[in-house]
Structures are given as structure tokens and as C-alpha cells.
Amino acid sequence: MNEFELIKFLTQKLPRKTKGLSCGIGDDCAVIRGEKFDWLLTADSLIEGVHFDFRNTNATDLGRKVLSANLSDVAAMGGQPLYFTVSIGVPRRVSAVQLKKIYSGMIDVAKKNGVVMAGGDTCASPKGLFISIALVGKIMKNRAILRSGARPGDHVFVSGTFGDAAFALGCLKKKRKVDRYFVNRLNNPSARVKLGRLIADEGLASSMIDVSDGLLADLGHIADASGVGFVVDAGAVPVSGFFSNIAARYGLDSLLLALAGGDDYELCFTVPRSRLRAFLKMKKIIEKKAGCPVSMIGRIVENKRKRIVRGKGGKVLAISRRGYDHFR
Ligand code: ADP
Ligand code: MG
């Protein structure tokens, strides 16, 4: 059973909608009906040896990243993050100084995003360090943007750039020297909270997800939930200038890293044809307010088996690795 088979099993076993819960397992956050707002609830963990290694991650970044990963899931619903709890399992060898640094990183990101630490739990851990956060956010009633709303003809958009984090991870694993820019993109991602909220406030998107497992894998989750397929234009997938320079210099498969790498923490969303003009009109303002570029990378199609990437001249490209699965 892999990670996604477990989630599928749980989705089938448990009601997706039940009293007060308008979206259960299967999206970036659960959506709970409130009186004035809908509440968003999410949980994400970082585990030593699985998500990070102390040899190439400093403690402050670790605190930053675990909170950012949770913020990114609230961003993916278009919501405003509010409060979080932190559960931590600490091995003996982790010092008080390191622990304080983890929390100072977390508090730094919390302040920047206007969220408040509301509690947590502390245990000993026999081996690796374990940090798990649960985060609550809110959104206007019935405004949460689910993975399941994409329809044929919708345009696919993404924020930011792709592949930097996967490149950094590849270098660190092989003990190669890598520029601080890339390490920062891996260890200190910033969740696109402002962008998510702008998109939800303006009612611009039919579906949205955050990209943590790889762009194709996460767009695949939108396609699964919506019962549709997609066509991505390889040339339109945004990469940073640093990334395209280094890929050209070392002859890397930059497209594979950008499409199938992970840890980008960007947003991927679909805009219906009827909202496209309004969206394009606001695009510059949205980019300025959100502090990141937004790019159109493809279309949603009816055939749910059609999930393809087109290269130059419309040629269909074979991209084999489809993102990160925790049980693989
Ligand atoms: P993301 O990458 O956005 O954090 P995940 O792939 O981790 O999302 O999870 C997808 C969905 O499955 C979410 O709704 C999450 O709450 C749910 N989920 C994941 N693992 C479990 C689990 N072990 N038990 C119950 N629900 C789970
Ligand atoms: Mg997510």
C-alpha cells in the first residue's frame, strides 16, 4: 500500500461530508462549517531522515519550513491562517540551543504571516527528531477552493518557479557544492498565502492545490478529484534564471526537475474560461500584491486518462517520475 492508496482507502471508508464537515479527507485542508466563516484545518510533519537531514538543514530553517508547509495548505484553499499547535519528538542528542533555534524559526514565520502558536505537545524520540504542526485558518463561507472544481477548458496556472528545491536536494544528497540560493529555496520556502487569498477573494479559480510533491503529481491530484485530464506546455513551465543557467551548464534534465521534483511550495490553480479575461486584467496587480509571478502553463481536458506534457512543435514528452510518494 503506498501513501496515496492509504488516503484513497480512508476517503472511501469515511464520509467526505458529514455534520458540520463540508470537506473531509482528500483536500489540502478539511473545511468545517462555522457560523460566519468556514474553518480550515490541516496537519503536516517533518521527520529527520525522511524530510530533512541535520547535516544540511539548520535548526532555524527547519522551524521555518514546517510552519510554511502548513501555511501552504491553507493558502491552497484560499484561506487566512490563524492558530497552530506544535507536537515535537526530541532525541537526546538534540541540544537546547538547537531546540530554541527551531522555535525561533517557527516564530519568525508565524509573525510574518500573522499566525499565533496556541499550544502543542513534547515527547522524547528514540531516534530522529519529529515535528508535527496542526493549523487552523478561516475563509468566507463556501469560498474554499477545492481540488475537485476543475472543468474541461479551464486554464492551468502556477505561481513562482519550479525545480530549484529539487536541484538543491539532488546536490546535497550527492554532497556536491550548491549555491545558497538553491538551498534557501529547499529549506526556507515561503507559502503563497497572499496569492491564495487574493484568488479566493476575487472568486477567480475553479480548483487549487499547493505543489509539494511535484507539479505533475499535484496537478494529477486536481485531475483525480475533478475527473478530468490536462495538457501542460513544457515551454511555459516557469523556472528561475539561476535554475536555467545551471541546468544548461551541467546538462541537467531541467524539465524533469521542474515537473517531477518536489518541495516547491507554489500554488497550482485552474481558471474557468468565463473568468480568464477578468483574471488576466488583474494579473499584474495580483502578482505585485502577492510578490510572485503567475504563469499559464496548460489546459484542462475532458479525457481523464489524457495527462500529457507537450514540448516544441506539440510533441508529447515522456516524463516518468510523477512526484514523491512517502511509502515508495
Ligand atoms: P498535502 O500534500 O496537501 O499535505 P496529503 O497528500 O498529505 O496532502 O494528504 C491528502 C489528504 O489526505 C488530506 O486531506 C489529509 O488530511 C489526508 N490524510 C493524509 N494522511 C492521512 C492519514 N494518515 N489519516 C487521515 N487522513 C490523512
Ligand atoms: Mg497540499
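Whatever comes next refers back to the structure up there.
In this report, we go over the structure that sits alongside the text.

Cut-off values and rules
- Residue indices begin from 1 for each chain and proceed along its sequence in written order.
- Key to labels: chains lettered from A, ligands numbered from 1, both in the order written.
- Totals for whole chains, interfaces and linings use every residue, but because this is a predicted model, local features are given only for residues with pLDDT of at least 70 and side-chain atom pairs only at 80 or more, for both listing and counting.
- Only heavy atoms go into the side-chain values, all of them from the structure, while hydrogens and water stay out.
- Being paired, for any two strands, means DSSP has found at least two bridges between them.
- The secondary structure listing takes helices from DSSP runs of H or I that are at least 4 residues long and strands from runs of E that are at least 2 residues long, numbered from the N terminus.
- Every residue pair with non-hydrogen atoms within 4.5 Å of one another is taken to be in contact.
- The convention used is that axes are lines fitted to C-alpha atoms, helices contributing only their stretch in contact, and that angles between N-to-C directions extend from 0 to 180 degrees.
- For our purposes a nonpolar core is just a set of buried Ala, Val, Leu, Ile, Met, Phe, Trp, Tyr and Cys residues, chained together by side-chain atoms within 4.5 Å.
- The buried label applies to any residue whose accessible area, calculated with a 1.4 Å probe on protein chains only, is under 20% of its type's maximum; exposed applies above 50%, and partly exposed to all values in between.
- Any angle between 65 and 115 degrees counts as roughly perpendicular, while under 35 counts as roughly parallel, over 145 as roughly antiparallel, and the rest as oblique.
- Handedness of a helix crossing follows the sense of rotation of the near helix relative to the far helix, less than a right angle counterclockwise being left-handed and clockwise being right-handed.
- Residue polarity follows a fixed list, in which Ala, Val, Leu, Ile, Met, Phe, Trp, Tyr, Cys and Pro are nonpolar, Asp, Glu, Lys and Arg are charged, and the others, Gly among them, are polar.

Section: the sheet that holds strand β11 (residues 294-301)
Sheet strands associate in pairs through backbone hydrogen bonding, adopting either a parallel or an antiparallel arrangement.
Part 1 of the reasoning: Reading across from one edge, β8-β10-β7-β11-β9-β12-β13 is the order of the seven strands in this open sheet, with mixed pairing throughout. A single partner strand is all that each edge strand has here, and the edge strands are β8 (207-211) and β13 (316-317).
Part 2 of the reasoning: Where strand β7 (residues 155-159) and β11 come together, five bridges link them in antiparallel fashion. Bridging from a neighbouring strand, Ser159 pairs with Val294 of β11.
Part 3 of the reasoning: Running at roughly 15° to strand β10 (residues 266-271), helix α6 (residues 193-201) makes contact with β7, β8, β10 and β11 of the sheet.

Brief notes about the nonpolar core
Part 1 of the reasoning: Judged by nonpolar contacts, the single largest core of 51 residues is most densely connected at Leu67, Phe84, Met106, Leu129, Ile131 and Phe269.
Part 2 of the reasoning: Elements supplying a minimum of two residues to this core: β3 (37-47), α2 (59-75), β4 (80-90), α3 (96-113), β6 (130-140), α6, β10 and α10 (273-290).
Part 3 of the reasoning: Ranked by residue count, the leading element in this core is α2, at seven residues.
Part 4 of the reasoning: Beyond its immediate sequence surroundings of up to four residues, Phe269 is in contact with His155, Val156, Phe157, Ile199, Ala205, Ser207, Met208, Phe279 and Val294.
Part 5 of the reasoning: Core analysis: the next-biggest nonpolar cluster, separate from the first, contains 24 residues, Ala150, Val211, Ala234 and Cys268 among them.

What about the pairing of β10?
Part 1 of the reasoning: Among the six residues of β10, six are classified as buried, and the element is accordingly described as predominantly covered.
Part 2 of the reasoning: Neither face of β10 is open: one carries Glu266, Cys268 and Thr270, the other Leu267, Phe269 and Val271, and all of them are buried.
Part 3 of the reasoning: The pairing of β7 with β10 spans four bridges and is classified as antiparallel. Its bridge partner lying in β10, His155 is registered against Val271.
Part 4 of the reasoning: The sheet contact formed by β8 and β10 spans five bridges and is antiparallel. Bridge pairing links Met208 to Phe269 in β10.

A short note on the packing of α2 against α3
Part 1 of the reasoning: Here α2 crosses α3 at 40°, and the two axes come no closer than 6 Å. On the basis of their axis angle, the class for α2 and α3 is oblique. In the packing of α2 onto α3, the handedness of the crossing is right-handed. Contact with α2, carried on its side by Ala59, Thr60, Leu62, Gly63, Arg64, Val66, Leu67, Ser68 and Leu71, involves Gln98, Lys101, Ile102, Ser104, Gly105, Met106, Asp108, Val109, Ala110 and Asn113 of α3 and no other residues of that element.
Part 2 of the reasoning: Classifying every residue of the contact of α2 with α3 by side-chain character gives nine nonpolar, seven polar and three charged.

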